[in-house]
Amino acid sequence: RFAAYHKGMVKENYTDMLLEDINGKFDFLIELVTPLTLLPAAVAQLQEDVTQMRKDLGVTNRVVKDHSKALHNHAYRIKRLESA
């Protein structure tokens with residue numbers, strides 16, 4: 001673009017071309033930054049999902065422990081009945 005200016009281009013045309021170039025760069029930056037504005041909402045949703053998964057995992061953990069205790073108790077009672 002500088003070469004075009006040196007080949008006899010009018011200064012005003014060069015300024016217009018420079019402004020267009022700068023505007024194009026700003027448009028590119030806006031395209032890059034716009035998805036970043038959506039990131040906080042996505043992170044908040046992810047935090048909610050993780051919190052819900054932790055709650056679900058806690059419930060599952062309690063159920064498995066209770067089931068394990070019941071099986072152990074059942075095995076103990078069978079063993080006692082077999083030895084009687």
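Definitions and limits used
Residues numbered from 1 in each chain as written. Predicted model: local features only at pLDDT ≥ 70, side-chain atom pairs only at ≥ 80, totals over all residues. Heavy atoms only, no water. Helix = DSSP H or I, 4+ residues; strand = E, 2+ residues; numbered from the N terminus. Areas by Shrake-Rupley, 256 points an atom, 1.4 Å probe, with all protein chains shown as cover. Salt bridge = Lys/Arg side-chain N within 4 Å of Asp/Glu carboxyl O. pLDDT = per-residue confidence, 0-100. Patch = residues over 30% accessible without salt bridge, like charges linked within 9 Å, V, L, I, M, F, W, Y side chains within 5 Å.

S.K.: Help me get a handle on the overall build of the chain, residues and values and all.
M.R.: Regarding its fold elements, the chain presents 3 helices and 0 strands. Written out in order from the N terminus, the α and β elements of the chain read α-α-α. Of the roughly 8,000 Å² of accessible surface on the chain, a fraction of 64% belongs to carbon and sulfur atoms.

S.K.: Before we move on, can you summarise the pattern of salt bridges with the specific residues and values?
M.R.: Under the defined criterion, the tally for this structure stands at 1 salt bridge. Note that K25 is salt-bridged to D21, the shortest N-O span being 3.4 Å. Here K25 pairs with D21, and both are found in helix α2 (residues 11-37), just 4 residues apart, close to one helical turn.

S.K.: Kindly report on the confidence of the model for the chain, identifying the contributing residues and their values.
M.R.: Mean pLDDT over the chain: 84, with 86% of residues reaching 70 or higher. Mean pLDDT in the chain bottoms out at helix α1 (residues 2-6), which sits at 51, and peaks at helix α3 (residues 39-83), which reaches 91.

S.K.: Outline a nonpolar patch on the surface, listing residues and values.
M.R.: Among the surface-exposed residues, L18, L19, I22, F26, F28, L29, L32, V33, L36, L39 and V43 lie close enough to one another that they form a single nonpolar patch of about 1,000 Å² accessible area. Broken down by secondary-structure element, the contributors of at least two residues to the nonpolar patch are α2 and α3. Looking at the secondary structure, you find V33 in helix α2.

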